[in-house]
Protein chains: 2
Amino acid sequence: MLTGKILVAQGGGPTAVINQSMAGIVLEARNFASVDHVYGALNGVSGIVDENFLDLSQESEANLERVANTPCSALGSTRDKPDDAYCTEIFKSLKAHDIQTFFYIGGNDSSDTLKILAEKAATVNYPLRCIHVPKTIDNDLTVNDHTPGYPSAAKFVSNAFAGVSLDNRALRGIYVGVVMGRHAGFLTAASALGRKYEDDGPHLIYMPERDFSLDTFLSDILRVYDKRGRCVIAVSEGIHEADGTLIATKLAKQQEVDAHGNVQLSGTGALADLLTDHIKTNTDFKRVRGETLGYLQRSFMGCVSDVDQAEAREAGVQGVRFANQLERDGSVTIHRIGDYKAEFRLSPLEDVAGKTKVMEDRFIADCATDVTPEFLNYLRPLAGSNMISPYRLEAPSVTKIIGK
Amino acid sequence: MLTGKILVAQGGGPTAVINQSMAGIVLEARNFASVDHVYGALNGVSGIVDENFLDLSQESEANLERVANTPCSALGSTRDKPDDAYCTEIFKSLKAHDIQTFFYIGGNDSSDTLKILAEKAATVNYPLRCIHVPKTIDNDLTVNDHTPGYPSAAKFVSNAFAGVSLDNRALRGIYVGVVMGRHAGFLTAASALGRKYEDDGPHLIYMPERDFSLDTFLSDILRVYDKRGRCVIAVSEGIHEADGTLIATKLAKQQEVDAHGNVQLSGTGALADLLTDHIKTNTDFKRVRGETLGYLQRSFMGCVSDVDQAEAREAGVQGVRFANQLERDGSVTIHRIGDYKAEFRLSPLEDVAGKTKVMEDRFIADCATDVTPEFLNYLRPLAGSNMISPYRLEAPSVTKIIGK
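Computed from a predicted structure; not experimentally measured. (Residues numbered from 1 in each chain as written. Chains lettered and ligands numbered in written order. Predicted model: local features only at pLDDT ≥ 70, side-chain atom pairs only at ≥ 80, totals over all residues. Heavy atoms only, no water.)

Please clarify how the packing of helix 4 (residues 84-96) of chain A against helix 5 (residues 108-124) of chain A should be interpreted in this entry.
Packed helix pairs are specified by the crossing angle of their axes together with the interaxial distance, meaning the distance between the axes. Residue and element names in this part refer to chain A. In the contact formed by helix 4 and helix 5, the axes pass within 11 Å of each other and the chain directions differ by 70°. Comparing the axis directions of helix 4 and helix 5 gives the class roughly perpendicular. On helix 5, the residues that touch Asp84, Cys87, Thr88, Ile90 and Phe91 of helix 4 are Ile116, Leu117, Lys120, Ala121 and Val124. Classifying every residue of the contact of helix 4 with helix 5 gives 7 nonpolar, 1 polar and 2 charged. (Axes fitted to C-alpha atoms, helices over the stretch in contact; angles between N-to-C directions. Helix = DSSP H or I, 4+ residues; strand = E, 2+ residues; numbered from the N terminus. Parallel < 35°, antiparallel > 145°, perpendicular 65-115°, else oblique. Contact = heavy atoms within 4.5 Å. Nonpolar A, V, L, I, M, F, W, Y, C, P; charged D, E, K, R; others polar.)

Structure follows, in structure tokens:
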């Protein structure tokens, strides 16, 4: 049974709906008379060490609802990965504040952090209930059909490429857009969702699940350009050569690595510029443009999936119920029932923690540069109710007089 | 009086509402019994030369309304600037199709093209009525209080920086976002509109109306970081040193120039990367991220100002009425009445064509890295009715036990 003090924190990269999960946990936990207080740790696990807690029991429900609709971790975030000494500090703080239930909202790395804490709790004999609540725009958590945060980011990417494809149709040329996704191509693949007319872009989609070759890249573009007179390309930041070398690192002067050993891929336009330079150097194309969709993918205000909002909320609520009913650690996981309903389960932490899911083969077209209809069918119900669709003029052409 | 065949075309960079003006022209022109046909030229003036016309008289009103809500030039665009031979071809086509009224929707360069055509028409004694209908996300047309396309792009930039500022609040560090705007800082200045709490970013805003120095840039950042522990920076792509050297050209390997002599600034991440490299090289800051907002500023689906939509429509409608009533060439201009109503007038083409307006001094703060309240007051009514606002947790901190 859920008792005493409940702690919630947020880790890793923000999403558009991560505060929905936080609000879900706080509001649901406050329903339990046996719960004294709901604390929020600032900046993830680092806030536990520093005793930077907010007393969320005192947060008004009205304001919690407003914060829930605000993108990015309202409690702040961290990429810290606790070592043994760090864990000791965490348990010192948890003990001092008599906290025995911890909800950590995060992705692969945050679930890994939680697994480390759960193992340490057993070792030091501290009764800590650990519940991981999923979020990641990368959609790469194992066990889950999909993860909160992904549908909204996917909607942003879809809208972005739909717009850029219209722009490219108006002014022609080659456009390369770099999308987040280190190992998994789900977000890059979402660029296909906004296609409507047969010649809409993106015309080429490069996901990290398939090896990338600069030579094949060029011949792909030439083929599309011959047919369409233009080419819109979606590229994952994680594309790599057959030997595993990241295309992005070919240019980067210095590698920046976070506490989890991840190389910095976002926050630089290097990959887009490398690719457009490669096209300009090796072809005669005049208008070649490259850009990086960047942090807007996870933080943009005003582009959120209502399905994603509801599921992120529910993931938090269910996490609290699981903690109360099942009395075991775990990760809240989302499963697809029919077409389409989300079901929530509590899976073992070790099935999710630190693991990475990538796109299944059935989602990637045989040509390796497109998605399958099965992928679109997978993504469509997640994108929510208010997707916008572009339209074209349908008027007939006027018969030429001079050039007839 | 408006008679015979009416021609409409779109030039320059697309906007989110450029099709509203096109729909306004087509629907209003179709109300005149004296108008036989409304033609649309594909890809601006180049479509006239090639006789690539659509018969928009046959476009259904329902589909025109759907297209009006779709971003980017539905008729396609061009950056061609007609020389004498080009003009001869244009008039050959206009004459063959018996077109005597031409509405060109575009910015500085397109209005300049129209002025060239109007002058040529007088020279060759061809009775061509030329009406320029304004659009540009840069907001840099003279005479106009503001231009259709700018409010929606400004809303995108505002939402983008509001989100990025939340992201930066969660994970800290330095963020540099590069915004479109070659000579005028209006769009970069719009990054300030999403600020709400006192410490919200952007904390520094660099507009091309003020000289830029890499040294001052560093000291500005250090000052902000000392105070806030983080720094969000909005930079115009057109920032330049005191001698006029573009900061972007300091890095670019080769200069790409269009028919109007403009250097390519968009479609590359070079400026953001130069600035972040400069920060990384000269400071100890660890998390320094740079990105370019790029084409999403003018093409993103789902981020449009309803005020902008209505005004872009009205600019087209009024253009047709002016052509009918006033029987002279001109540029439709928008004027601000009170706080706030838009009034449309027909100004002489030469007052707008090829000229560039920049931010007035009253809109730029004395520190040179911020806007004034007067600017926010100028922009706010344009952004429309559905601006989203971020919210923060308000719960009190828990008293520290260990660290007290």
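Explain the relation of the copies chain A and chain B here, please?
One copy of the chain maps onto the other through a rotation about an axis plus a displacement along that axis. Note on the identical chains: chain A maps onto chain B by a rotation of 180° and an axial translation of 0.0 Å, with an RMSD of 0.0 Å. Such a turn and shift between the copies fits a two-fold axis. Residue Gly269 of chain A of chain A places its C-alpha closer to the rotation axis than any other residue of that unit, at 2.2 Å. A high fraction, 99%, of the interface residues of chain A reappear at the interface in chain B, so the copies pair face to face through one surface. (Least-squares fit on C-alpha atoms with pLDDT ≥ 70 in both.)

Would you mind going over unusual backbone geometry with me for this structure?
A negative phi angle characterises most non-glycine residues, just as the trans form characterises most peptide bonds. In this structure, the amide linkage connecting Asp339 of chain A to the following residue, Tyr340 of chain A, adopts the cis form with an omega of 25°. In this chain, Gly201 of chain B is followed by Pro202 of chain B through a cis amide linkage whose omega measures 0°. Among the secondary structure elements, Pro202 of chain B is positioned in the loop between helix 7 (186-189) and strand 7 (204-206). Located in the positive-phi region is Ala368 of chain A, a residue other than glycine, with phi close to 75°. Looking at the secondary structure, you find Ala368 of chain A in the loop between helix 12 (349-352) and helix 13 (373-379).

What is the right way to look at the interface of chain A and chain B in this model?
Accessible area lost on assembly of the parts is the figure often given for the size of an interface. Taken together, the contact between chain A and chain B spans 90 residues of the former and 89 residues of the latter. Summed over both sides, the interface of chain A with chain B buries roughly 7,000 Å², with 59% coming from carbon and sulfur. If you sort the residues of chain A by the area they bury against chain B, Met301, Leu393 and Val398 of chain A come out on top, with a joint share of 11%. Scanning the region where chain A abuts chain B turns up 2 salt bridges. The tally of links between chain A and chain B comes to 36 residue pairs in polar contact (both at pLDDT 80 or more). Looking at the side of chain A that touches chain B, the elements that each hand over two or more residues are strand 3 (53-55), helix 3 (61-68), helix 4, helix 6 (150-171), helix 9 (270-282), strand 9 (288-292) and helix 10 (296-299) of chain A. The element that contributes the greatest number of residues to the side of chain A that touches chain B is helix 6 of chain A, accounting for 11 residues. Classifying every residue of the side of chain A that touches chain B by side-chain character gives 38 nonpolar, 30 polar and 22 charged. (Buried area = accessible area lost by both parts, 1.4 Å probe. Salt bridge = Lys/Arg side-chain N within 4 Å of Asp/Glu carboxyl O. Polar contact = N/O pair within 3.5 Å; in protein donor to acceptor, adjacent residues only side chain to side chain.)

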